[in-house]
Amino acid sequence: DTGVSQDPRHKITKRGQNVTFRCDPISEHNRLYWYRQTLGQGPEFLTYFQNEAQLEKSRLLSDRFSAERPKGSFSTLEIQRTEQGDSAMYLCAGQGETRDNEQFFGPGTRLTVL
Amino acid sequence: DQQVKQNSPSLSVQEGRISILNCDYTNSMFDYFLWYKKYPAEGPTFLISISSIKDKNEDGRFTVFLNKSAKHLSLHIVPSQPGDSAVYFCASGGGNQFYFGTGTSLTVIP
């Protein structure tokens with residue numbers, strides 16, 4: 001158990017609906033990452049926060065995607081007007097000031113868009 | 001464009017023998033390299049890492065080797081145990097962004 005939780009674990013939605021996912025890292029994680037993973041692929045970087053500041057966004061993050069980390073603790077990832085291609089596992093990972101640069105992943109939220 | 005590649009989707013090894021998982025990267029600016037293990041229905045968990053200033057890092061049964069000239073790293077597990085059966089991802093990068101390979105599914109046969 002990494003101490004990073006994600007909610008919900010599974011989400012099924014109809015195309016065109018909006019969905020929001022939440023990630024709760026542990027308090028020591030000043031950095032927070034969102035990734036997307038599809039079948040047969042590794043995690044793909046979406047965005048990164050240093051405390052409450054969103055410092056990097058991938059080209060994968062279309063304008064339908066928005067992420068926030070309002071108080072530098074939990075984070076939310078919202079997808080508006082979902083498309084079938086958004087179906088994937090969405091992972092968040094926390095990172096503190098560690099020697100090994102390791103990230104601590106949550107269990108993920110599996111999104112299915114019908 | 002895949003910046004990190006794991007060319008073997010799967011590997012089967014007999015219990016007690018050595019498992020060798022390979023990873024290639026393209027960007028010579030990458031300065032940190034990590035291995036993660038993933039079980040079904042869980043997020044990846046950190047296993048071992050190495051920085052670009054080293055060529056070997058060891059932690060118990062796990063050793064990571066880095067060959068910067070070849071842009072290649074490998075993970076050695078010895079002796080392999082059935083509990084090591086999982087998907088292994090390598091990740092390379094530096095600063096704020098890491099790129100993951102597509103994973104190698106390791107099966108250790110009792």
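Note: the structure precedes this text.
Remember, it's a predicted structure, so these values are computed and weren't measured experimentally.

A. Fine view of the state of the cysteines. What the rule picks out here adds up to two disulfides over all chains. Here C23(A) connects covalently by a disulfide to C92(A), the sulfurs 1.8 Å from one another. Negative torsions about the S-S bond denote left-handed disulfides, and the value of about 65° found for C23(A) with C92(A) makes this one right-handed. Within this pair, whereas C23(A) is found in strand 3 (residues 19-24), its partner C92(A) is found in strand 9 (residues 88-95), the two being separated by 69 residues in sequence. Classification of C92(A) by relative accessible area gives buried; the value is 0%. With its sulfur 1.9 Å from that of its partner, C23(B) forms a disulfide with C90(B). Note on the C23(B) and C90(B) pair: the S-S dihedral is about 65°, so by sign convention the disulfide is right-handed. Taken as a pair, C23(B) in strand 3 (residues 19-25) and C90(B) in strand 9 (residues 86-94) lie far apart in primary sequence, 67 residues in all. Note on accessibility: C23(B) and C90(B) belong to one class, buried.

B. Quick peek at the sheet that holds strand 6 (residues 56-59) of chain B. Residues and elements named next belong to chain B. Judged by pairing direction, the sheet is antiparallel, and its five strands sit side by side in the order 1-3-8-7-6 without closing on themselves. A strand with exactly one partner marks an edge of an open sheet, and here the two such strands are strand 1 (4-5) and strand 6. Note: strand 1 against strand 3, two bridges, orientation antiparallel. What sits directly across from K5, in strand 3, is D24.

C. Structural detail: the packing of aromatic side chains. With the rule as written, the count across this model stands at 14 aromatic pairs over all chains. For the pair Y25(B) and F33(B), a centre-to-centre distance of 4.7 Å together with 45° between the ring planes defines the contact as tilted. Note on F33(B): relative accessible area 0%, which makes it buried. Each member of the aromatic cluster is reached from another via a ring pair, and the members are Y33(A), Y35(A), F45(A), Y48(A), F105(A), Y36(B), F46(B) and F100(B). Cation over ring: R22(A) sits above F74(A), and NZ or CZ is 4.0 Å from the ring centre.

D. Highlighting the side chain of T63(B). Assignment of secondary structure puts T63(B) in strand 7 (residues 62-67). Residues within four places of T63(B) in sequence aside, it is in contact with I48(B), K56(B), N57(B), E58(B), S74(B), L75(B) and H76(B).

The rules we used
- Residues numbered from 1 in each chain as written.
- Chains lettered and ligands numbered in written order.
- Predicted model: local features only at pLDDT ≥ 70, side-chain atom pairs only at ≥ 80, totals over all residues.
- Heavy atoms only, no water.
- Disulfide = S-S within 2.5 Å.
- Helix = DSSP H or I, 4+ residues; strand = E, 2+ residues; numbered from the N terminus.
- Buried < 20%, exposed > 50% of the residue type's maximum accessible area, 1.4 Å probe, protein only.
- Pairing = 2+ DSSP bridges.
- Phe/Tyr/Trp six-rings, centres within 6.5 Å; stacked < 30°, edge-to-face > 60°.
- Lys NZ or Arg CZ within 6 Å of the ring centre and 35° of its normal.
- Contact = heavy atoms within 4.5 Å.

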